[in-house]
Amino acid sequence: MKTIREILHEAVMRAANELFQAALAPAHIQIQETRKEFEGDLTLVVFPLVKLAGKSPEATGQAIGEFLVREVPELVSFNVVKGFLNLVVAPGYWLRFLSSIPAQGHFGFREPGSRPRVMVEYASPNTNKPLHLGHLRNIFLGYSVARLLEANGHAVTRVQIINDRGIHICKSMLAWQRSGKNETPQSAGEKGDKLVGRYYVEFDKAFKKEVAELMAEGKSEDDAKTQAPLMLEAQDMLRRWEARDPEVYELWQRMNGWVYEGFNATYASMGVDFDKVYYESETYLLGRDEVMRGLERGTFFRKEDGSIWVDLTAEGLDQKVLLRRDGTAMYITQDIGTAILRFRDFPDTDYQIYTVGNEQEYHFKVLFKVLARLGWPQADRCYHLSYGMVELPEGKMKSREGTVVDADDLIAEMVNVAREVAEEQGKLETLSPQEREAVYADIGMSALKYFLLRVDPVKNMLFNPRESIDFNGHTGPFIQYGYVRTRAILRKAEDAGLIAAPPDTSCPISDWERSVIRRIHDFPSVVEEAATRYNPSIVANYAYDLARDFNAFYQHCPILREEDTGLRNVRLNLVARTGDVLRDALYLLGIRVVERM
RNA sequence: GGGCCCGUAGCUCAGAGGAUAGAGCAACUGCCUUCUAAGCAGUUGGUCGCAGGUUCGAUUCCUGCCGGGCUCGCCA
């Protein structure tokens with residue numbers, strides 16, 4: 001079924017042709033929603049057409065309005081206010097549209113796999129730090145974008161990259177060796193990622209103490225940091241790791257294993273997953289080989305000290321190191337290797353999307369240019385999906401100052417609030433304790449996900465612990481509540497034997513029904529826009545608008561109690577389709593709906 | 001200093017060339033013996049950072065300032 005906008009667009013072209021003998025460019029035709037203080041559904045802005053028409057805005061609007069109402073059966077009337085032509089769409093059109101939505105499947109989603117494969121990377125954790133609030137924004141964003149791309153017809157590969165090698169990992173290992181007394185997550189009763197993270201912090205404390213002592217002996221800060229015995233030991237451990245020293249390597253595997261168990265538990269509670277996990281320990285050598293190949297071909301150059309560089313000054317960037325003077329790999333080296341490994345693993349990938357914070361924008365500019373210099377045609381189909389930081393009322397999160405908001409703690413807190421609110425209301429008594437817990441978890445997660453996804457990704461955002469766990473107003477639970485209402489009504493309708501037949505398209509409807517149907521009508525274009533702009537906040541805000549329109553309708557229009565069978569039938573259809581769209585919109589945000597709350 | 005991004009109501013955020021700039025929170029009013037009140041209806045609250053420019057029309061585009069963030073490490 002054609003959308004009303006498509007129908008109008010076409011008709012306005014014809015109108016201009018017949019009335020003014022003018023051919024319109026798409027930019028001439030501006031159709032927007034009618035503001036609620038005027039009568040109408042859609043409004044044509046006539047100013048761009050005034051010159052072509054050679055008439056005043058009012059006369060132009062009048063002429064086009066008469067033409068449209070005469071020629072377009074979907075329109076019933078029009079009015080012109082200043083340069084705005086307000087058009088009233090026939091209720092029958094909205095009802096035909098409503099009945100055209102299939103009860104099965106996903107309205108507004110494209111055929112799966114009808115578009116090329118896209119790889120989406122999100123969650124690039126280090127194994128020495130537990131996941132925190134910043135990771136939550138990253139992961140929810142990437143996961144939602146992956147679902148949006150699927151809904152828009154793409155095949156999607158979800159990947160995670162784990163930074164499991166480097167000096168920082170050695171620090172945790174070293175601290176554990178020195179004071180861990182063979183402690184394990186089991187013996188300590190602690191999640192593995194938390195345990196390893198604790199030793200990382202411990203190293204940092206001991207290291208700072210050493211630095212302070214050395215400085216007290218008169219050394220400069222820089223000297224103290226490079227000469228501190230703990231640092232030298234950590235560096236030695238990294239060298240032994242690279243040489244595959246069995247003792248070091250085994251400990252590394254063991255401790256990383258603990259971390260992965262911890263991460264996986266967090267991912268499970270977040271309701272996210274991955275198709276493939278990449279480890280930097282498996283890609284840094286490939287990256288190093290690739291840099292050496294570039295050196296041989298003269299793409300890169302070597303400085304006197306032995307380090308290898310790329311000169312990007314011609315592209316407005318700087319000279320960048322790609323390999324240290326001692327030949328070891330750095331961050332960008334392993335990123336080069338990871339990218340190439342992915343090109344090889346998934347040769348059918350059209351686009352590769354890196355979900356990484358905006359503090360790494362420069363890094364990715366460099367990375368993509370280096371890949372291009374190396375001759376990889378996929379380089380210009382790599383995209384850095386950059387997002388802003390999550391700030392706290394006190395400012396930036398700083399692990400050293402203990403202001404990091406831990407992901408597990410936050411999730412637990414959101415679920416607790418959900419439990420408290422629900423128990424206070426006592427609406428879930430018919431459910432078993434297990435079912436109730438599942439509802440609390442889904443509601444708590446919906447609050448958290450919605451909070452982080454409703455903001456435009458490019459913007460920094462504020463996380464205020466007090467206000468952010470509100471479950472009223474513009475929140476995930478509000479939208480869940482709208483969905484739950486649709487489910488409750490449909491359950492009761494079924495119990496009462498009121499099976500909805502297709503709506504009678506001649507049934508008169510009020511503004512309450514009309515605004516909900518109009519909103520549903522917008523859903524496909526919202527999905528497409530959100531997918532092409534990699535922006536879940538568009539869907540998040542849409543879902544809120546739909547839930548709000550539905551609540552207003554719900555409050556003002558009886559459904560099961562409506563005695564007119566035809567109207568009740570229309571309303572039941574409307575309830576069912578609203579529920580479907582709310583469910584699908586939340587799905588695109590990675591949010592699971594609940595049936596009761 | 002160079003580069004990128006952000007400045008909209010007391011707070012958190014929508015709006016991306018069009019009409020009198022919108023929500024939520026906070027504050028204040030009403031509405032549950034009636035399909036779930038995590039809701040609905042309403043009141044209060046704005047120099048869209050500042051100054052120019054383009055345009056019939058600018059919060060939206062351009063330029064310059066001001067304020068904030070990030071970045072320009074042989075850290076990751």
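All of these numbers come straight from a predicted model, not from anything done at the bench.

Description of the packing of aromatic side chains
Here is step 1 of the chain: Counted according to the given criterion, the structure contains 24 aromatic pairs.
Here is step 2 of the chain: With centroids separated by 5.0 Å and ring planes inclined at 40°, the aromatic side chains of Tyr 249 and Trp 252 adopt a geometry described as tilted. Taken together, the residues span about one helical turn, with Tyr 249 and Trp 252 both in helix α11 (residues 246–270) at a distance of three residues.
Here is step 3 of the chain: Ring centres 5.5 Å apart and planes at 40° place the aromatic pair Phe 343 and Trp 376 in the tilted group. Of this pair, Phe 343 sits in helix α13 (residues 331–345) while Trp 376 sits in the loop between α14 (361–373) and β12 (382–387), and the two are 33 residues apart along the sequence. For the pair Phe 343 and Trp 376, a shared accessibility class is recorded, and that class is buried.
Here is step 4 of the chain: These aromatic residues form a ring-pair network of at least three members: Tyr 122, Tyr 143, Phe 263, Tyr 267 and Phe 274.
Here is step 5 of the chain: The cationic tip of Arg 147 hangs over the ring face of Tyr 587; the distance from NZ or CZ to the ring centre is 3.9 Å.
Here is step 6 of the chain: The aromatic ring of Trp 309 is capped on one face by Lys 303, whose charged end is 3.6 Å from the ring centroid.

Remarks on the nonpolar core
Here is step 1 of the chain: Ranked by size, the top nonpolar core spans 158 residues in total, and within it Leu 68 and Leu 133 carry the most contacts.
Here is step 2 of the chain: A total of 11 residues in this core trace back to one element, the largest contributor, which is helix α5 (residues 133–151).
Here is step 3 of the chain: Here this core gathers at least three residues from each of two domains, domain 1 (4–89) and domain 2 (166–260).
Here is step 4 of the chain: Leu 295, Val 310, Ile 332 and Phe 343 belong to the second largest nonpolar core, which has 27 residues in total.

Digging into the protein's contact with RNA strand B
Here is step 1 of the chain: Around RNA strand B lies a shell of 71 residues, among which Arg 35, Asn 163, Asp 305, Lys 427 and Tyr 481 are the nearest.
Here is step 2 of the chain: Each atom of RNA strand B within 4 Å of the protein was assigned to sugar, phosphate or base; sugar and phosphate come to 64%.
Here is step 3 of the chain: Note that a phosphate oxygen of RNA strand B is positioned 2.8 Å from one of the side-chain N or O atoms of Arg 324.
Here is step 4 of the chain: His 474 is positioned with one of its backbone polar atoms (N or O) 3.2 Å from a sugar or linking oxygen of RNA strand B.
Here is step 5 of the chain: Considering only residue class, the surface near RNA strand B consists of 32 nonpolar, 19 polar and 20 charged.

Description of helix α19 (residues 511–532)
Here is step 1 of the chain: With 22 residues, α19 extends 32 Å from end C-alpha to end C-alpha; this agrees with the ideal 32 Å at 1.5 Å per step.
Here is step 2 of the chain: Along α19, the sharpest kink reaches roughly 35°, centred on Phe 523 and followed within four residues by the proline Pro 524.
Here is step 3 of the chain: One or two residues past the end of α19 sits Tyr 534, with phi positive at roughly 50°.

Quick notes on the domain arrangement of chain A
Interface extent is often summarised as the accessible area lost during association of the parts.
Here is step 1 of the chain: Under the domain assignment used here, chain A contains domain 1 (4–89) and domain 2 (166–260).
Here is step 2 of the chain: Using C-alpha coordinates to define each centre, domain 1 is positioned 70 Å away from domain 2.

Things to note about the confidence of the model for chain A
A low pLDDT means the predicted coordinates there should not be read in detail.
Here is step 1 of the chain: In the predicted model, chain A carries a mean pLDDT of 94, and 99% of its residues have values of at least 70.
Here is step 2 of the chain: Taken over the whole predicted complex, pTM reads 0.96, whereas the ipTM for its chain interfaces reads 0.97.

A few points about the sheet that holds strand β6 (residues 154–162)
Here is step 1 of the chain: Read from one edge of the open sheet, five strands run β7-β6-β5-β11-β12, paired in parallel fashion. Whereas interior strands pair on both sides, the edge strands pair on one side only; in this sheet they are β7 (276–279) and β12. Strand after strand, the sheet turns through a mean of 25° between neighbouring axes, direction not considered.
Here is step 2 of the chain: Alignment of strand β5 (residues 115–121) against strand β11 (residues 349–357), held across five bridges, turns out to be parallel. For Arg 117, the partnering residue across the bridge sits in β11 and is Thr 349.
Here is step 3 of the chain: On top of the sheet, α5 reaches β5, β6, β11 and β12; it is set at about 160° to β6, its chief contact.

Here's the deal with the pairing of β12
Side-chain direction in a regular strand flips from residue to residue, so the side chains alternate between the two faces of the sheet.
Here is step 1 of the chain: Within β12, five of the six residues are buried, leaving the element largely enclosed by the surrounding structure.
Here is step 2 of the chain: Strand direction decides the pairing type here: β11 and β12, joined by six bridges, are parallel. When the sheet's bridge partners are listed, Val 356 is paired in β12 with Ser 386.
Here is step 3 of the chain: On the question of chirality, the crossover connecting β11 to the parallel β12 by way of α14 is right-handed.

Remarks on the environment of Ala 123
Here is step 1 of the chain: Looking at the secondary structure, you find Ala 123 in the loop between β5 and α5.
Here is step 2 of the chain: Each C-alpha atom, one on Ala 123 and one on Arg 137, is 9.4 Å from the other, the two residues being 14 residues apart in sequence.
Here is step 3 of the chain: Leaving out residues up to four positions away in the same chain, Ala 123 has contacts with Asn 138, Ile 139, Gln 160, Ile 161, Tyr 267 and Phe 274.

Topic: empty space enclosed by the protein
Here is step 1 of the chain: Evaluated as defined, the whole model comprises four cavities of 30 Å³ or more.
Here is step 2 of the chain: Taken as a whole, the largest cavity encloses approximately 70 Å³ of empty space.
Here is step 3 of the chain: Lining the largest cavity, in full, are Arg 342, Phe 343, Phe 346, Pro 347, Thr 349, Asp 350, Tyr 351, Gln 352, Gln 378, Arg 381 and Cys 382.
Here is step 4 of the chain: Taken together, the elements giving at least two residues each to the lining of the largest cavity come down to α13 and β11.
Here is step 5 of the chain: No other element matches β11, which puts four residues into the lining of the largest cavity.

Overview of the side chain of Asn 86
Here is step 1 of the chain: Structurally, Asn 86 is set in strand β4 (residues 84–89).
Here is step 2 of the chain: According to the relative accessible area criterion, Asn 86 is buried, its value standing at 2%.
Here is step 3 of the chain: Looking at Asn 86, its side chain comes within polar contact range of the side chain of Thr 43, at 2.7 Å.
Here is step 4 of the chain: Discounting residues that sit within four places of it in the chain, Asn 86 has contacts with Thr 34, Phe 38, Glu 39, Leu 42, Thr 43, Ser 77, Phe 78, Asn 79 and Val 81.

Quick notes on the packing of helix α8 (residues 192–216) against α11
The description of two helices packed together rests on the angle between their axes and the distance between the axes.
Here is step 1 of the chain: Where α8 meets α11, the closest approach of the two axes is 6 Å, and the angle between their N-to-C directions is 130°. It follows from the interaxial angle that α8 and α11 lie oblique. Facing α8, whose interface residues are Gly 192, Asp 193, Leu 195 and Val 196, α11 presents Met 255, Trp 258, Val 259, Gly 262, Phe 263 and Thr 266.
Here is step 2 of the chain: Of the residues assigned to the contact of α8 with α11, the class counts are six nonpolar, three polar and one charged.

Digging into the pattern of salt bridges
Working definition: two side chains of opposite charge can pair if their charged atoms are close together.
Here is step 1 of the chain: Summed over the entire model, instances satisfying the criterion amount to 39 salt bridges.
Here is step 2 of the chain: Across the pair Glu 10 and Lys 2 runs a salt bridge whose closest N-O atoms are separated by 3.3 Å.
Here is step 3 of the chain: Using a relative accessible area of 45% as the deciding quantity, one classes Glu 10 as partly exposed.
Here is step 4 of the chain: Exposure remark for Lys 2: the relative accessible area of 45% places this residue in the partly exposed category.
Here is step 5 of the chain: Linking Asp 549 and Arg 519 is a salt bridge whose minimum nitrogen-to-oxygen distance equals 2.7 Å. With Asp 549 in helix α20 (residues 536–556) and Arg 519 in helix α19, the pair connects residues that are 30 residues apart, well separated along the chain. With respect to class, Asp 549 is no different from Arg 519; both count as buried.

Calculation notes
Within every chain, residues take consecutive numbers counted from 1 along the sequence as written. Throughout, the order in which chains and ligands are written sets their labels, letters from A for the former and numbers from 1 for the latter. Selection of residues for local features in this predicted model requires a pLDDT of at least 70, selection of side-chain atom pairs for listing and counting requires 80 or more, and totals for whole chains, interfaces and linings are taken over all residues. Side-chain numbers here rest on the full set of heavy atoms in the structure, without hydrogens or water. Put simply, two rings from Phe, Tyr or Trp (the six-membered ring, in Trp's case) pair if the centres are within 6.5 Å, and we call them stacked under 30 degrees between planes, edge-to-face over 60, tilted for the rest. Working definition: helices are DSSP H or I runs of at least four residues, strands are E runs of at least two. Numbering for both runs from the N terminus. For each residue, the accessible area found with a 1.4 Å probe, counting protein chains only, is set against the maximum for its type, and the residue is called buried under 20%, exposed over 50%, and partly exposed in between. Throughout this description, the term charge over a ring refers to an Arg CZ or Lys NZ atom that lies within 6 Å of the ring centre and within 35 degrees of the ring normal. Definition used in this section: a nonpolar core is a set of buried Ala, Val, Leu, Ile, Met, Phe, Trp, Tyr and Cys residues joined via side-chain atoms within 4.5 Å. What counts as a domain boundary in this text is fixed by an automatic or database domain assignment. One heavy atom within 4 Å of a molecule or strand makes the whole residue count as near it. In the analysis that follows, any N or O atom pair within 3.5 Å is treated as a polar contact, provided that within protein one partner can donate a hydrogen and the other can accept it, and provided that, for residues neighboring in sequence, both atoms belong to side chains. Asp, Glu, Lys and Arg are counted as charged, while Ala, Val, Leu, Ile, Met, Phe, Trp, Tyr, Cys and Pro are counted as nonpolar; the rest, among them Gly, fall into the polar class. Here the expected span of a helix is defined as 1.5 Å times the quantity of residues minus one. Bend at a given residue is defined as the angle between two axes, one fitted to the seven residues that end at that position and one fitted to the seven that begin there. Scored from 0 to 100, pLDDT records how confident the predictor is in each individual residue. Each pair of strands is called paired provided DSSP finds at least two bridges between the two strands. A fitted line through C-alpha atoms serves as each axis, taken over the contacting stretch for helices, and the angle formed by two N-to-C directions is quoted from 0 to 180°. Here, residues are in contact when the closest pair of their heavy atoms is within 4.5 Å. Note on handedness: a clockwise path from strand one over the helix to strand two, with the strands aimed away from the viewer, defines a right-handed crossover. Cavity: a set of points on a 1 Å grid over the protein atoms alone where a 1.4 Å probe fits but cannot get out. Pocket: an open set with protein on both sides within 12 Å along at least five of seven lines, its lining residues, like those of a cavity, having an atom within 4 Å of a point. Grid points are joined across faces, edges and corners, and a volume is the space filled by probe spheres set on the points. Here the angle decides the label: under 35 degrees means roughly parallel, over 145 means roughly antiparallel, 65 to 115 means roughly perpendicular, and every other value means oblique. Whenever a carboxyl oxygen of Asp or Glu lies within 4 Å of a side-chain nitrogen of Lys or Arg, that contact is scored as a salt bridge.

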